[in-house]
Structure formats: C-alpha cells, structure tokens
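Okay, here's what each chain looks like letter by letter:
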Amino acid sequence: MAKLKYIISTEGLIAKYIVAFALGVVIGFRLLPVPVVVAMQVILVAACVLQCLKGNVAGFFIWLPYAVYNEVYVRGFARWFPYLAMQYLYIFCFAVLFFTVPRLKKPHSNAWIFLAIFSFLEIVNNIYPDKAAIGRQILTQSFALLAAVVWASYNVLKPTLINKLLDSAKVACVILAGIVFVAHVTGKINYGLYSNSDSSNGLAPVQLSGYLGFGCILFFLSIMNPQDIKNRTINIVVLAIVATVMVLTFSRGGLYFLGAVVCLFFFYNRAKLASYARILIFVPIALFIYFYVVNQTGGKIVARYEQEGTSNRDVLINIGFTIFADHMIFGVGTGNYNTTIVREKLYPEESGAHNEYVRAAAEHGVIGIFFYWGFYVFLLFELLKRRQPQKQYAMYFFALFCLIIVHNGLKIAIQPLVIMLVVATPTLVYQPKQHVYNREFSDHEFA
C-alpha cells in the first residue's frame, strides 16, 4: 500500500511538471495569443482577491505564485496591462487579510516599524518630484513591500502552508522555464557578452534571474531535504532544466543567487557534511549544464562569466553615493535619482540605481539610510535569535531578497513574497488564548 502511494504521488508530480513545462512551451511559441495569457492573469488575480475576501489564507497563497510568475510574461508582451498590477494586488490583499482574519495581538517582529517610517518618508519626500510617474511607481512598490511585511509581522505561516505555497512556486517556475526554453529551440539567438531578450524569448533577462533563481533554490532545498527522498530524482531533473535555461539567459544574477544559498546551506549543515553523500549528485548536474551551455553558446557563456564589471551597476552605485555626499541630509527626493544623474552630469542618460540601498541613500540621505538600512539590520538580528530550522530557512530567503534588490532594485513581484517568507516564520507562535508562545516546529517540517 505504501509503495502504491509512493508511485501515485511520484507519477502525479512528474505529470504536473510535464504539463507545466508544456504549457510554458505553448505560451512561448505564441500558440496562445497574448490577450489569452493576460486573461489568465486576470483570472489568477481575481482568484487571489476572492480567496482573501473569503478569509482563506491558504487558498490565497496557493494561487499567488502563479500570478507572480505570470507577471513576467504580461509585462513583456502586454504593455497596455497595468504595470503595477501585482503591487496593487499585494497592497489590497494583505490589507484585507490583516483587518479581516484573526492575527496575533502583538507582532512577533518589530522590524516593520523601520520600514513603515521609511515608507512615510517616501511620501513626504515626494512633494516635488521631477517625474510624477517615477515617484508613483516607487511609492507603490514600497507600500507593496510594507503591506507584506506588516501582515507577516502579525501572522505566522505554518510549515504545511509554506510547503503548499512553495509547491505552487515550483510549478509556476517550470511554466516560466518552458516559455524561455522556446527561444533556444528556434535557434534565432545572437549570443554576446551580455544578457539579451533574444535568449530569454523576449522577456527581461535581469528580472528573470530573480524568478528562475528563486525556483532553482527551492528545487535545491527539496533535493537536500531528507523527508523528500521519493521525489529527489524528479527534483534533480527539473533543477537541471531550470538552471540551464536560467544560465542561457546570460544574466548572471540567478546563478549568483543560487550559489549564495548553496554556500549558506553547507555552512549551516557543516557538522553533517560527511553524511551528505547526496551532494555528489550536483557534480554531474553542474558538468551537464556547463558542457551543454558552452556548446549551445559557442563558448561565449564562459567569456560572459569571466567578464569584469557589473553592467554599469558599479558606476550607478558610485554615482548614488556621490549624490548622497552632495545631498546628505534629505537626499534629492523620492524618484529623483533618475533625473539628478543627468542634471548634474553624472551619467549620460536617465537610469534607476538598480540597488535599493543606494537609492535610499541618494534620495533620502542619512534619514533614509537609518530607516531603510535599519530595517534589514534589525530584521537580521531578529533572525539570528531564532532557533533551527526557522533561522536557517529564513536566512536563505533573507540573503536571496537582499541580493535581488541589489541586482534588480525593487521592481519585481516575487520580492514581497520572499520577504514575507522571511518575516512570517518565527520559531515560536503566539497563542492568544493561552497568552504564551508554545509552538515549535520540528527540524523537517520545511520542504
């Protein structure tokens, strides 16, 4: 009976990933018109809203990852669709859940206070924006992040719910990988020493690094999870496929994200390293990916990773601190980094900072540094006080989030989801009736 259950569950998972990848390929070949994919996004958003209005937190988190991952395609090919639709969804849904679903009377994390004050600063410092559209976009993204963090500070996600959310995220990631994979079947890619939309099937390669990198991390953690042995082969195969597609976009960020989390994993599990014979599994995976992408790109992928520099991000970072030095107290105002660099002849064209820490310093001065940087420092100290395994998993996602906002800035829909996972997973859960913290998770309750 147990063996039968194993076969059914395994075959069901294989079928799920095959269907997901096939759907991605169909979308990637444009066999589904763009309006149809947008309609799918509207349905996903509506499902999230409906689940929130019903107070069904589990239902909301099962549907949310699909809307998050589908956003990349909608942004790339439906420019007429609201660019900040997912940010508005976060603000609305987390507000509804906060005020309608029972929550803790006291927050288990107080880091949100720093972020709340910084968000208020973003509004106050936006009275005279150079370009109102840029300021409005930044404010919306900042409040989407704040909404996720505040809700997570007053709620605790149980492992069963986290696993459902992450399972949906893995399936959604496979769909996205299928979309990108199509570009490498058509053979119309001009590989160069830079990330380009040809190799990502018309999607933004830098943004893809965050989505595919997150998916690769989830598959890696599943492979290393001793409670998920039966699905290890499936996870290995899917990880190899998604990682290969990610590397072929020529955006280096996703591989760096995965590498950072892998290093953290082995740091936290260094005492058990000798028993982790399964790490040898990654040797043939890495070799397969390496030889395949080298052959596929004519060796240019090697030159890409040997290339020095960070696609002008280092230049924009230095410019940001130059602006900070000249406007140290209040900065240049919310959203004014883009125009200031041109007006003060620091850069030939308008560009964002691509780094939220730098943007906070340039646009809000020392006050911005204190509250925005302070949020992450305070949260880090809270995480370090957690017990295992909550501390370990929170640190993985915390490191991922910080790397994404350094690489991408704050602009993609997966970021509030990741920071929510960081905050809403404390070691202990407050029980209002008993007025005590008396719930601890076991070592293997996270996938």
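Residues numbered from 1 in each chain as written. Predicted model: local features only at pLDDT ≥ 70, side-chain atom pairs only at ≥ 80, totals over all residues. Heavy atoms only, no water.

1. Here's the deal with the overall build of the chain
(1) Moving on: Counting its secondary structure elements, the chain contains 18 helices and 2 strands.
(2) Moving on: Here the chain holds 447 residues, and 55% of them are scored as buried.
(3) Moving on: Within the chain, counting contacts between residues at least 6 apart in sequence, those at least 24 apart form 78% of the total.
(4) Moving on: For the chain, the computed accessible surface area is about 19500 Å², with 67% contributed by carbon and sulfur atoms. (Helix = DSSP H or I, 4+ residues; strand = E, 2+ residues; numbered from the N terminus. Buried < 20%, exposed > 50% of the residue type's maximum accessible area, 1.4 Å probe, protein only. Contact = heavy atoms within 4.5 Å. Areas by Shrake-Rupley, 256 points an atom, 1.4 Å probe, with all protein chains shown as cover.)

2. So, the packing of helix 9 (residues 205-224) against helix 10 (residues 232-248)
(1) Moving on: Relative to each other, helix 9 and helix 10 sit at 155°, their axes nearing to 9 Å. The orientation of helix 9 relative to helix 10 falls into the category roughly antiparallel. The two elements helix 9 and helix 10 meet at a crossing, and its hand is left-handed. On helix 10, the residues that touch Leu212, Gly213, Cys216, Phe219, Phe220, Ser222 and Ile223 of helix 9 are Arg232, Asn235, Ile236, Val238, Leu239, Val242, Ala243, Val245 and Met246. (Axes fitted to C-alpha atoms, helices over the stretch in contact; angles between N-to-C directions. Parallel < 35°, antiparallel > 145°, perpendicular 65-115°, else oblique. Left-handed = near helix turned anticlockwise from the far one by under 90°.)

3. Observations regarding the packing of aromatic side chains
To describe a pair of aromatic rings, one takes the distance between the centres and the angle between the planes.
(1) Moving on: Counting across every chain of the model gives 34 aromatic pairs.
(2) Moving on: Ring geometry for Tyr393 and Tyr396: centres 5.5 Å apart, planes at 65°, overall edge-to-face. With Tyr393 and Tyr396 both in helix 17 (residues 390-407) and 3 residues apart, this pair spans about one turn of that helix.
(3) Moving on: Through pairs of rings, three or more aromatic residues link up here, namely Phe118, Tyr357, Tyr372, Trp373, Phe375, Tyr376, Phe398 and Phe401.
(4) Moving on: Lying across the ring of Tyr83, Arg75 places its NZ or CZ 3.7 Å from the centre. (Phe/Tyr/Trp six-rings, centres within 6.5 Å; stacked < 30°, edge-to-face > 60°. Lys NZ or Arg CZ within 6 Å of the ring centre and 35° of its normal.)

4. A few points about the pattern of salt bridges
(1) Moving on: Across all of its chains, the model carries 7 salt bridges by this definition.
(2) Moving on: Arg359 serves as the salt-bridge partner of Glu356, at 3.1 Å between the closest nitrogen and oxygen. Remark: Arg359 and Glu356 occur in helix 16 (residues 356-384); sequence separation between them is 3 residues, near one turn of the helix.
(3) Moving on: Relative accessible area serves as the criterion here: at 7%, Glu356 is assigned to the buried category.
(4) Moving on: Connected via shared salt-bridge partners are Glu122, Glu356, Arg359 and Glu363. (Salt bridge = Lys/Arg side-chain N within 4 Å of Asp/Glu carboxyl O.)

5. Considerations on the confidence of the model for the chain
(1) Moving on: For the chain, mean pLDDT is 86; residues scoring 70 or higher make up 84% of the total.
(2) Moving on: Across residues 1-8 the pLDDT falls below 50, and counting only partners more than four positions away or on other chains, this stretch makes 1 contact in the model.
(3) Moving on: Segment residues 428-447: pLDDT under 50, and 52 contacts once partners within four positions in sequence are set aside and those in other chains are kept. (pLDDT = per-residue confidence, 0-100.)

6. What about the packing of helix 3 (residues 57-77) against helix 7 (residues 159-181)?
(1) Moving on: Helix 7 packs onto helix 3 with a crossing angle of 20° between their chain directions and a minimal axis gap of 9 Å. It follows from the interaxial angle that helix 3 and helix 7 lie roughly parallel. The chirality of how helix 3 crosses helix 7 is right-handed. For the pair helix 3 and helix 7, the contacting residues are Val57, Ala58, Phe61, Ile62, Pro65, Tyr66, Tyr69, Val72 and Tyr73 in the first and Leu161, Lys164, Leu165, Ser168, Ala169, Val171, Ala172, Cys173, Leu176 and Ile179 in the second.
(2) Moving on: When the residues that make up the contact of helix 3 with helix 7 are grouped by side-chain class, the tally is 17 nonpolar, 1 polar and 1 charged. (Nonpolar A, V, L, I, M, F, W, Y, C, P; charged D, E, K, R; others polar.)

7. As for the nonpolar core
(1) Moving on: Counting 120 residues, the largest nonpolar core has Phe61, Leu64, Tyr69, Trp151, Phe214, Tyr376 and Met420 as the members making the most contacts within it.
(2) Moving on: It is helix 7 that contributes the most residues to this core, 14 residues altogether.
(3) Moving on: In this view, Met420 contacts Phe61, Phe94, Ala148, Trp151, Ala152, Leu157 and Leu165; residues no more than four positions away in its chain are not counted.
(4) Moving on: One finds Leu316, Tyr347, Ala353 and Ala362 within the second-largest nonpolar core, a separate group that totals 10 residues. (Core = buried A, V, L, I, M, F, W, Y, C linked by side-chain atoms within 4.5 Å.)

8. Structural notes on helix 4 (residues 85-100)
(1) Moving on: With 16 residues, helix 4 extends 22 Å from end C-alpha to end C-alpha; this agrees with the ideal 22 Å at 1.5 Å per step.
(2) Moving on: What helix 4 keeps buried is the set Ala85, Met86, Gln87, Leu89, Tyr90, Cys93, Phe94, Val96, Leu97 and Phe98.
(3) Moving on: Structurally, helix 4 contributes buried residues whose contacts are with helix 2 (34-53), helix 3, helix 6 (132-153) and helix 18 (414-423). (Expected span 1.5 Å × (residues − 1).)

9. Overview of the side chain of Ser168
(1) Moving on: Residue placement: Ser168 occurs in helix 7.
(2) Moving on: A distance of 3.0 Å separates a polar side-chain atom of Ser168 from the backbone oxygen of Ile62.
(3) Moving on: Non-local contacts of Ser168, meaning those with residues more than four positions away in its chain, are made with Ile62, Pro65 and Tyr66. (Polar contact = N/O pair within 3.5 Å; in protein donor to acceptor, adjacent residues only side chain to side chain.)

10. Quick word on unusual backbone geometry
(1) Moving on: The linkage connecting Gln388 with the following residue, Pro389, adopts the cis geometry, with an omega of 5°.
(2) Moving on: Assignment of secondary structure puts Pro389 in the loop between helix 16 and helix 17.
(3) Moving on: Within the chain, Arg30 stands out as a residue other than glycine whose phi angle is a positive 65°.
(4) Moving on: Relative to the helices and strands, Arg30 resides in the loop between helix 1 (2-28) and helix 2.
(5) Moving on: The phi angle at His354 is positive, at roughly 60°, despite the residue not being glycine.
(6) Moving on: Locating His354 in the fold gives a position in the loop between helix 15 (337-343) and helix 16.

11. Quick notes on helix 16
(1) Moving on: When the terminal C-alpha atoms of helix 16 are compared, their 23 Å separation across 29 residues is substantially less than the 42 Å that a helix rising 1.5 Å per residue should span.
(2) Moving on: For helix 16, the N-terminal capping position is held by Asn355, with its side-chain oxygen 3.0 Å away from the main-chain nitrogen of Tyr357.

12. Topic: the environment of Leu44
(1) Moving on: Along the chain, Leu44 turns up in helix 2.
(2) Moving on: Separated by 26 residues in sequence, Leu44 and Asn70 have C-alpha atoms that sit 9.2 Å apart.
(3) Moving on: Contacts of Leu44, omitting those with residues within four sequence positions, involve Trp63, Tyr66, Ala67 and Asn70.

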